[in-house]
Amino acid sequence: MRGVLGKSRKMICSLLSQAPVSPAYYYRSSPSIYKPKPSNRFSWGFLAPIPSPAIRVFCSKPGEVGGLMASSVQNQGSISYLTQREAAEVDETLMGPLGFSVDQLMELAGLSVATSIAEVYKPSEYNRILAICGPGNNGGDGLVAARHLYHFGYKPFVCYPKRTQKPLYSGLVTQLESLSIPFLSVDELPMDLSKDFDILVDAMFGFSFHGAPRPPFDDLIKKLINLHYYEQAQRKSPVIVSVDIPSGWHVEEGDVGGDGIKPDMVVSLTAPKLCAKKFSGPHHFLGGRFVPPAIAEKYKLQLPQYPGMSMCVRIGKPPQIDISALRENYISPEFLEEQVEADPLDQFRKWFDDAMAANLKEPNAMALSTTGKDGKPSSRMVLLKGVDKDGFVWFTNYESQKARQLSENPHAALLFYWDGLNRQVRVEGSVEKVSDEESEQYFHSRPRGSQLGAIVSKQSTVVPGRHVLHQQYKELEEKYSKESLIPKPKYWGGYRLKPERFEFWQGQPSRLHDRLEYSPQETDGKRVWKIVRLAP
């Protein structure tokens, strides 16, 4: 990730002061190693509001960061690329006047690498990872990435042949050893890396490296290069993920001879280096998310926006994908008849609690499907706002399309899909409006802005433009600015679906999914639920 200039190089400018700033970190004999310069300086009647998860950056399901999907695409032509000198100056400034420490940047860099890998390569399919770490900070990034990948559900191994005794690196090794992550010597690596690993993390050399790689890294780089020939021979080959710079590439000119490492993914850090323009693999990500405005302005950096809370963002277009080849091999616990609750509402609450505990985004989101007298179905996402012995409650505009359809055909279907748990629940039944008192109570429990929005929106009707909604909203704000209570409109209220059928679905390997159906039947004059297993 990082590099600095020699002792004699002075910082070209200070971003934060007019006075010259001397370098805070100096190049040592080992590539990309810094020496710091000392300095002085929910009730079930109504669901409680469900907050967004604190971190949903990594995945909406294992191996996919999604919910808040990190792989937003940024046009590659609009991205800034740094020369080797500029990259060094940026790092020097980060760790000088801007106050970052090398361990902070290393932690952020390693996390960015791990999240980028998780974006593309699911642990269910690419589980075994070998991180090959060099002696400097690029290697430290690889060590940090290995720790995060372990916690993401992967099985990492580490090859770290030229260790340094600096406390930062010794601490990283101790952290990995405490997780029982195996360290492999160069001699313990198989001749053919394709047999034992699914992903190879190239964290040997960063942009500050000069000259030809020395043993044992020259041979390790050759091992990665040879994998390209396995692919040409149509042999299965692990994917290669290079940290910031593919080891052995020229920082600005790229793979000069054309016979270097051919990574499948490059994770550029801070900002991409010029050589990344020559990268032709399918996955280019940017990571780091710590560039302050002062640096961006100084170097006229055009960098993509990171989505949500993500630590990585995709650069360029994702590879073309054969939609017919997309599939997920679900790995889940068995869902057996003897384990389920006799009452489907109790089973639903149990699964809903699991979704809440898993910190899934909006676990109360459900697809509502309705049909009118014409028999044409329509679906949309709504939010569950209450569930009890009488059924499932949501609120909407009584003049909307769904409301019109429900007035013509008071039957509907709900679908909850909890991606991160490989689960879905289907509920079918009759629908009726909730009482005015219940609608009134919920309406006034909403944020004031949501109340005004419900009045403004004549749901499903045509509006000439967004500005009309904003204008009407502003007028209502002024109208009720001195009113403590906003009156609920007559055309807004709740519905309750009384369940007549449930189906609980749990994804399983090889499409042999668990499907348990609950349907009511009369037994000795009592209504009980019959449970049967359906073929997947």
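Look a little higher up for the structure.
Throughout what follows, the structure given in this document is the object of discussion. (Residues numbered from 1 in each chain as written. Predicted model: local features only at pLDDT ≥ 70, side-chain atom pairs only at ≥ 80, totals over all residues. Heavy atoms only, no water.)

Thoughts on the overall build of the protein chain
- When helices and strands are counted, the protein chain shows eleven helices and 19 strands.
- Burial statistics for the protein chain: of 536 residues in total, 50% are counted as buried.
- Of the roughly 26,100 Å² of accessible surface on the protein chain, 51% is carried by carbon and sulfur atoms. (Helix = DSSP H or I, 4+ residues; strand = E, 2+ residues; numbered from the N terminus. Buried < 20%, exposed > 50% of the residue type's maximum accessible area, 1.4 Å probe, protein only. Areas by Shrake-Rupley, 256 points an atom, 1.4 Å probe, with all protein chains shown as cover.)

Brief notes about helix α1 (residues 84-94)
- The element α1 is largely enclosed, with a buried count of eight among its eleven residues.
- Those residues of α1 not exposed but buried are A87, A88, E89, V90, D91, E92, T93 and L94.

Examining the nonpolar core
- Of all hydrophobic cores here, the largest spans 60 residues; its most connected members are I117, Y121, V158, Y160, I199, V201 and M265.
- Contributions of two or more residues to this core are made by α1, α2 (102-120), β4 (128-133), α3 (137-151), α4 (167-178), β6 (199-203), β7 (239-243) and β8 (265-269).
- In terms of residues, this core owes the most to one element, α2, which gives ten residues.
- Ranked by size, the runner-up nonpolar core spans 32 residues in total, among them F352, L368, L384 and Y518. (Core = buried A, V, L, I, M, F, W, Y, C linked by side-chain atoms within 4.5 Å.)

A short note on the packing of α2 against α4
- For the pair α2 and α4, the least separation of the axes is 11 Å and the interaxial angle reads 35°. In the packing of α2 onto α4, the handedness of the crossing is right-handed. Between α2, through V102, D103 and M106, and α4, the contact on the second element is made entirely by L168, Y169 and L172.
- Among the residues making up the contact of α2 with α4, the classes are represented as five nonpolar, no polar and one charged. (Axes fitted to C-alpha atoms, helices over the stretch in contact; angles between N-to-C directions. Left-handed = near helix turned anticlockwise from the far one by under 90°. Contact = heavy atoms within 4.5 Å. Nonpolar A, V, L, I, M, F, W, Y, C, P; charged D, E, K, R; others polar.)

Regarding the environment of F335
- Among the structural elements, F335 can be located in the loop between β10 (312-315) and α7 (344-357).
- C-alpha of F335 to C-alpha of F504: the two residues are 169 residues apart in sequence and 9.1 Å apart in space.
- If near-sequence neighbours (up to four positions away) are discounted, F335 is found in contact with V340, Q347, W351, F504, Q506, Q508, D514, L516 and R533.

Topic: unusual backbone geometry
- Geometrically, the link from P215 to P216 is a cis peptide bond, its omega value of 0° lying close to zero.
- Of note, the phi angle at S180 is positive, near 60°, even though the residue is not glycine.

Concerning the environment of Q451
- Here Q451 lies in helix α10 (residues 448-456).
- Judged by relative accessible area, Q451 falls into the buried class, the value being 6%.
- Separated by 37 residues in sequence, Q451 and K488 place their C-alpha atoms 7.7 Å apart.
- Excluding residues that lie within four positions of it along the chain, Q451 makes contacts with F443, H444, R446 and I486.

Digging into the pairing of β10
- Along β10, one buried face is formed by C312 and R314 and the opposite face, lined by V313 and I315, is buried too.
- Two strands pair when backbone bridges link them, and strand β9 (residues 283-287) and β10 are joined in this way by four bridges, in the antiparallel orientation. When the bridges of β10 are listed, F285 appears paired with R314. (Pairing = 2+ DSSP bridges.)

Quick word on the environment of L383
- Examined against the element boundaries, L383 turns out to sit in strand β12 (residues 377-383).
- Along the backbone, L383 and T396 are 13 residues apart, and their C-alpha atoms lie at a distance of 9.7 Å.

Regarding the pairing of β8
- Across the five residues of β8, five count as buried, placing the element largely inside the fold.
- The pairing of β7 with β8 spans three bridges and is classified as parallel. Paired with V241 across the bridge in β8 is M265.
- Relative to β9, β8 runs parallel, the two sharing five bridges. Looking at β9, one finds that V267 is bridged to F285.

Considering the packing of α3 against α4
- Put simply, α3 and α4 touch, their axes get as near as 10 Å, and they point 25° apart. By the criterion of interaxial angle, the relationship of α3 to α4 is roughly parallel. Here α3 and α4 pass one another in a crossing that is left-handed. In this structure, α3 uses N137, G140, L143, V144, A146 and R147 to contact α4, whose residues at the interface are Y169, L172, Q175 and L176.
- Along the lines of polarity and charge, the residues of the contact of α3 with α4 split into six nonpolar, three polar and one charged. (Parallel < 35°, antiparallel > 145°, perpendicular 65-115°, else oblique.)

What to know about the packing of aromatic side chains
- For the coordinates displayed, the defined rule picks out 25 aromatic pairs.
- The interplanar angle of 35° and the centroid separation of 5.8 Å between the aromatic rings of F416 and W418 together place this pair among those described as tilted. When sorted by exposure, F416 lands in the same class as W418, which is buried.
- Arranged with centres 5.6 Å apart and planes meeting at 80°, the rings of F502 and W529 form a pair that is edge-to-face. Within this pair, whereas F502 is found in strand β17 (residues 492-506), its partner W529 is found in strand β19 (residues 526-533), the two being separated by 27 residues in sequence.
- Of the aromatic side chains, those joined through ring pairs into one cluster are F335, F348, W351, F352, F392, F416, W418, F502, F504, Y518 and W529. (Phe/Tyr/Trp six-rings, centres within 6.5 Å; stacked < 30°, edge-to-face > 60°.)

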